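Structural characterization, general
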Amino acid sequence: MNHLSLSELCCLFCCPPCPSKIASKLAFLPPEPTYSLMCDDSGSRWTLHLSERADWQYSAREKEAVECFMTRTSRGNRIACMFVRCSPSARYTLLFSHGNAVDLGQMSSFYIGLGSRINCNVFSYDYSGYGASSGKPSEKNLYADVDAAWQALRSRYGIRPENVIVYGQSIGTVPSVDLASRYETAAVILHSPLTSGMRVAFPDTKKTYCFDAFPNIDKISKVTSPVLVIHGTEDEVIDFSHGLALYERCQRPVEPLWVEGAGHNDVELYGQYLERLKQFVAHELVNL
């Protein structure tokens, strides 16, 4: 998420923009791709090639646990998907929608580390216009992208909704809340979430306007799965008040994690982050 310049703020303020304008200004910063996917002659097997900028932290053996493929969205884009088998005994798979200025290549090491520590497999995807995915980033594409990822996870791997934990980070909370408002899953984890685009740009916004983008605040009350909200108290990009407001609107909130002193991009460096996730996955979900 990038901050708006004064002229952009004036433009937004003086002429109410269409949602896609807010979306592109507030949200999308696809990095230069850090990986590529090569297809074999049969057209069914894809090989992942990571560039140095992907900063892979593991050996070639761990890379064998990462399976990639392409799938098509309802809006005609082809998106890259990644399934990371972190644990043979995993009961749950995280359907992970990542943050803004990263792609699957940069996230792959994090997925292995996270999944192996909390005993979950991880399924993720790149938004339209990110990494190896075609098309351009837009709010409508985000929703089509997560739908395609959900369908691929269900059909290709036979994973049932009650074994899927929908995990969204930052801008990734937008497709996550949208999906979870339409399907019941094991749980939802919202990491540094935003209430809506306008509320990020204009913190005093009290209601959702028709031209607002990413209206998580209006969709969260439709989510029937248990929701864990995680937010840093010193978040400089999406204020901590966003996490609090979403938590208060949840039908089935669990004990949230407010990380004292954490900003927008360092929550996972605090010990209580992994501890809370372990507790949630291993103990609370089983008893909910």
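Before reading further, recall that the structure is shown in the block above.
Every value quoted in this text rests on a predicted model; they were computed, and no experiment measured them. (Residues numbered from 1 in each chain as written. Predicted model: local features only at pLDDT ≥ 70, side-chain atom pairs only at ≥ 80, totals over all residues. Heavy atoms only, no water.)

1. As for the packing of helix α5 (residues 139–157) against helix α6 (residues 173–180)
Defined as follows: Note on method: axes are straight lines fitted to C-alpha atoms, helices fitted across the in-contact stretch only, with angles between N-to-C directions ranging 0 to 180 degrees. Every helix listed is a DSSP run of H or I at least four residues long, and every strand listed is a run of E at least two residues long, numbered separately from the N terminus. By convention the crossing between two helices is left-handed if the near helix lies anticlockwise of the far one by an angle smaller than a right angle, and right-handed if it lies clockwise. Throughout, a residue-residue contact means that at least one pair of heavy atoms, one from each residue, lies within 4.5 Å. All amino acids are sorted into three groups, where Ala, Val, Leu, Ile, Met, Phe, Trp, Tyr, Cys and Pro are nonpolar, Asp, Glu, Lys and Arg are charged, and the leftover types, Gly among them, are polar.
Relative to each other, α5 and α6 sit at 65 degrees, their axes nearing to 9 Å. Crossing geometry of α5 relative to α6 is assigned as right-handed. Along the contact surface, α5 presents L142, Y143, V146, D147 and W150, while α6 presents V174, P175, D178 and L179. Residue composition of the contact of α5 with α6, by class: seven nonpolar, no polar and two charged.

2. Describing the pattern of salt bridges
We count it as follows: When a carboxyl oxygen of Asp or Glu is within 4 Å of a side-chain nitrogen of Lys or Arg, the pair counts as a salt bridge. Burial classification: accessible surface area is computed with a 1.4 Å probe over protein chains only, and a residue below 20% of its type maximum counts as buried, one above 50% as exposed, and the rest as partly exposed.
Here the structure, examined in full by the defined rule, presents eight salt bridges. Taking the shortest distance from any N to any O, the salt bridge between D147 and R182 comes out at 2.9 Å. In this pair, D147 is assigned in helix α5 and R182 in the loop between α6 and β8 (187–191), connecting sequence segments 35 residues apart. Given the relative accessible area of 22%, D147 is considered partly exposed. Judged by its relative accessible area of 39%, R182 is partly exposed. Notably, a salt bridge pairs K278 with E275, separated by 3.8 Å at the nearest N-O pair. In this pair, K278 and E275 both sit in helix α10 (residues 271–287), three residues apart, roughly one turn of the helix. A residue is classified by how much of its surface remains accessible, and E275, at 49% relative accessible area, is partly exposed.

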